[in-house]
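Residue-level listing of the chains:
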Amino acid sequence: MQPEEEIFKQRKEKLLRLREEEGYDPYRIEKWERTDMLDRIRKEFDHLAPDETDASVHLRSAGRVMTLRKHGKAMFANLQDETDTLQLYFQFDKMGEAEYGFVKKWVDTGDWIGVEGHPFRTQRGELTILVTKCTLLSKALRTMPDKWGGLTDTEVRYRQRYLDLIVHPDVRNVFRKRSAIISSVRKTLEDAGTLEVETPILSVLAGGANARPFKTFHNALGLDMYLRIATELHLKRLVVGMFGRVYEIGRNFRNEGIDTMHNPEFTAMEVYWAYADVEDMMRLTEDIIRNAADAVGGRHVTYQGVELDIESPFRRATMLDLVREKTGIDFAAVSTDDEARAIARARGMEIKGTESRFAIMNAMFEAHVEDTLIQPTFVLGHPTEISPLAKRNPDNQDYTRRFELFICGREVANAFSELNDPLDQRVRFEDQLKKKESGDEEAHVFDEDFINAIETGLPPTGGLGVGIDRLVMFLTDSRSIRDVILFPTMRPKE
RNA sequence: GAGCCGUUAGCUCAGCUGGUAGAGCACCGGACUUUUAAUCCGGGUGUCGUGGGUUCGAUCCCCGCACGGCUCACCA
């Protein structure tokens with residue numbers, strides 16, 4: 001047994017004394033009629049002059065006591081609610097002995113209280129609630145983090161996010177913005193007549209992306225099941241099923257590393273529009289990002305000190321051109337895999353001897369180009385080999401009608417004209433199967449039912465996926481994905 | 001997965017060449033009717049992440065482990 005921490009013990013004993021001596025149990029309170037939030041009070045009574053009280057107004061507010069300054073027969077406190085922090089003034093004369101004495105004796109920092117009173121500005125000019133009545137709504141048995149040192153231990157901030165949120169209004173603000181961004185994405189899509197749908201998170205096949213899934217087991221079915229790594233294959237089935245425009249915003253799960261850009265569960269938006277192509281998806285992507293920026297403070301976006309221009313049409317460049325630009329190698333002129341491997345070896349890349357020229361080009365793109373794409377850039381025309389669900393470019397079958405959007409060197413969106421040729425789709429899956437069999441754990445799974453759906457007829461369709469967490473990161477200037485996920489995945493302590 | 005750094009009171013941190021720990025805030029008791037990092041008086045509440053080793057003696061030196069952060073690799 002660990003010794004009980006002293007402060008917790010004292011607070012707990014105080015609670016027991018409160019129950020015994022006053023017959024008052026703060027945890028029995030169920031409801032408090034709050035009519036006035038603190039930000040509104042601050043705005044509405046801004047006109048009060050120093051030392052002025054508006055006794056005609058009766059306020060009812062509530063919140064958490066963040067600081068307490070006791071002065072004998074008067075007390076000041078700072079009350080924090082979800083909107084703001086406002087000073088409270090308790091006066092012996094105004095409240096009466098019993099009421100004042102109760103507050104002074106029993107209310108501590110961290111406690112939740114409901115207050116009634118009048119708007120008032122102190123001589124020093126601070127807008128304050130002159131409290132006439134105070135109700136203890138709930139007690140805190142644990143102390144708040146340091147009132148000006150704050151909470152800097154990132155581990156505690158992520159593991160005990162509630163503490164982080166209590167003391168850091170700016171952290172709360174990031175998550176308000178996250179919500180506004182997601183609302184904005186929904187609105188953009190719904191204004192375009194797109195239906196929000198929900199597809200399985202738990203399924204027998206986790207397809208639609210290159211990633212290792214989380215595996216679980218369904219007892220009643222006696223079946224291995226997987227958490228989805230993408231929503232793509234289900235959403236396209238719905239386009240087959242006569243929903244012209246569908247989207248889903250939801251969690252994907254990928255059993256991979258954790259770092260500042262990756263969390264094992266992350267939020268993605270995928271949208272599919274019948275009769276649309278990759279060009280439409282570029283326009284949609286720009287609309288989604290601009291509208292989301294508008295929703296959280298405008299289009300002047302600065303990320304980690306870099307000004308991002310999201311107002312101008314995003315740059316468009318093919319992967320072939322970008323690789324040529326950065327490495328001097330023109331893969332359009334490389335016609336055999338051997339030739340590509342020789343070039344790669346000459347450049348010091350580790351080559352196993354099985355890589356295709358397309359895989360090598362992609363590796364060079366990742367190594368030499370990605371990091372340089374700071375301003376929003378649509379990278380177009382990925383090789384067919386690495387794009388098993390995208391329509392081929394009719395002018396060159398080795399490449400697809402696809403784009404990825406990069407911002408600050410990071411992929412934010414991925415889109416293509418969807419492959420709707422069921423014969424080709426089968427060939428692509430077979431190719432993925434070969435990769436899987438030769439040890440590529442992240443190769444796509446073969447989904448026979450999906451092919452069946454495509455065989456039933458998928459109209460020409462444009463599809464887009466957006467990494468919502470990353471979008472939120474850019475629009476809130478957050479350095480780590482963990483700063484935009486309320487409860488990021490953490491290894492259990494001990 | 002690799003490298004580097006960190007882990008001391010509820011919070012933020014200090015702790016010298018090895019001699020069993022300290023500050024501010026918080027907390028507890030008291031004073032105080034306009035404070036706002038309130039002030040004044042009194043009180044230290046800690047298995048110094050964990051397990052070993054070296055040593056007469058370890059928060060400190062050495063090794064392992066755990067957790068976290070950063071960088072790199074892979075992935076969105």
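Conventions used here
Residues numbered from 1 in each chain as written. Chains lettered and ligands numbered in written order. Predicted model: local features only at pLDDT ≥ 70, side-chain atom pairs only at ≥ 80, totals over all residues. Heavy atoms only, no water. Helix = DSSP H or I, 4+ residues; strand = E, 2+ residues; numbered from the N terminus. Expected span 1.5 Å × (residues − 1). Buried < 20%, exposed > 50% of the residue type's maximum accessible area, 1.4 Å probe, protein only. Arc of directions from axis to C-beta. Polar contact = N/O pair within 3.5 Å; in protein donor to acceptor, adjacent residues only side chain to side chain. Pairing = 2+ DSSP bridges. Contact = heavy atoms within 4.5 Å. Axes fitted to C-alpha atoms, helices over the stretch in contact; angles between N-to-C directions. Near = heavy atom within 4 Å. Nonpolar A, V, L, I, M, F, W, Y, C, P; charged D, E, K, R; others polar. Patch = residues over 30% accessible without salt bridge, like charges linked within 9 Å, V, L, I, M, F, W, Y side chains within 5 Å. Areas by Shrake-Rupley, 256 points an atom, 1.4 Å probe, with all protein chains shown as cover. Salt bridge = Lys/Arg side-chain N within 4 Å of Asp/Glu carboxyl O.

Undergrad: Looking at this model, I keep getting lost on helix α13 (residues 422-437). Mind explaining?
TA: Note that an α-helix has 3.6 residues per turn; residues three or four places apart therefore point the same way. With 16 residues, α13 should cover 22 Å at 1.5 Å per step; its first-to-last C-alpha distance of 22 Å lies within 8% of that length. What α13 keeps buried is the set Pro422, Asp424, Gln425, Arg428, Phe429 and Gln432. Along the axis of α13, the buried positions cluster into a sector of 155 degrees, meaning they face one direction only. Facing away from the buried surface of α13 by more than 90 degrees, the exposed residues are Leu423, Lys434 and Glu437. The opening residue of α13, the one whose side-chain oxygen lies 2.9 Å from the backbone nitrogen of leucine 423, is aspartate 421. Among the residues trailing α13, glycine 439 stands out with phi positive, at a value near 105 degrees.

Undergrad: Would you explain unusual backbone geometry in this entry?
TA: It is generally the case that most residues other than glycine have a negative phi and that most peptide bonds are trans. Non-glycine residue aspartate 51 carries a positive phi angle of around 75 degrees. Position of aspartate 51 among the secondary structure elements: in the loop between α2 (38-44) and β1 (59-70). Notably, tyrosine 275 is not glycine yet its phi reads approximately 70 degrees, a positive angle. Looking at the secondary structure, you find tyrosine 275 in the loop between β11 (265-274) and α9 (278-295).

Undergrad: Explanation requested: the sheet that holds strand β20 (residues 461-467) in the structure shown.
TA: Hydrogen bonds between backbone groups are what pair the strands of a sheet, and the pairing can be parallel or antiparallel. The eight strands lie next to each other as β6-β10-β11-β20-β19-β18-β15-β14, forming an open sheet whose pairing is mixed. Looking at which strands have only one partner, the edges of the open sheet turn out to be β6 (195-196) and β14 (315-318). Of the strand pairs in this sheet, strand β15 (residues 377-380) and strand β18 (residues 402-407) are connected by four bridges, and their pairing is antiparallel. Across the sheet, the residue bridging to phenylalanine 378 is leucine 405, located in β18. This element, helix α8 (residues 232-240), spans β10 (245-253), β11, β19 (410-417) and β20 of the sheet and lies at about 25 degrees to β11. On the sheet, α9 packs against β11, β14, β15, β18, β19 and β20 and is oriented at approximately 25 degrees with respect to β18.

Undergrad: When you look at the protein's contact with RNA strand B in this model, what are you seeing that I'm missing?
TA: Not every one of the 58 residues close to RNA strand B is listed here, only the nearest: Trp148, His262, Arg470, Arg482 and Arg491. The share of sugar and phosphate among atoms of RNA strand B within 4 Å of the protein is 57%. At a separation of 2.2 Å, a base oxygen of RNA strand B approaches a polar side-chain atom of aspartate 93. At 2.8 Å from a sugar or linking oxygen of RNA strand B is found a side-chain nitrogen or oxygen belonging to arginine 159. Those elements giving two or more residues to the surface near RNA strand B turn out to be α1 (6-22), β1, β2 (74-80), β3 (85-91), α5 (154-159) and β19. The class makeup of the residues in the surface near RNA strand B is 14 nonpolar, 18 polar and 26 charged.

Undergrad: Just to check I follow, could you spell out a nonpolar patch on the surface for this structure?
TA: Together, Val204, Leu205, Leu221 and Leu223 give the surface a local cluster of nonpolar side chains, amounting to about 320 Å² of exposed area. Locating valine 204 in the fold gives a position in the loop between β7 (202-203) and β8 (215-218).

Undergrad: What should I look at first to understand the pattern of salt bridges in this one?
TA: Opposite charge on two side chains lets them pair, provided their charged atoms get close. Under the counting rule described, the total for this entry stands at 47 salt bridges. As a salt-bridge pair, aspartate 84 and arginine 42 come within 2.7 Å of each other at their nearest N and O atoms. Of this pair, aspartate 84 sits in the loop between β2 and β3 while arginine 42 sits in helix α2, and the two are 42 residues apart along the sequence. Here arginine 42 falls in the partly exposed class, since its relative accessible area comes to 33%. Between arginine 283 and aspartate 280 there is a salt bridge, and its shortest N-O distance comes to 2.7 Å. Of this pair, arginine 283 and aspartate 280 both sit in helix α9, three residues apart, which is roughly one turn of that helix. Look at aspartate 280 and you get partly exposed, because its relative accessible area is 22%.

Undergrad: What exactly am I supposed to notice about the environment of lysine 70 here?
TA: Inspection of the secondary structure assignment puts lysine 70 in strand β1. What makes lysine 70 partly exposed here is its relative accessible area of 39%. Here the alpha-carbon distance between lysine 70 and phenylalanine 314, two residues 244 residues apart in the chain, equals 58 Å. Contacts of lysine 70, omitting those with residues within four sequence positions, involve Met75, Lys104 and Val107. A polar side-chain atom of lysine 70 sits 2.7 Å from the main-chain carbonyl oxygen of lysine 104.

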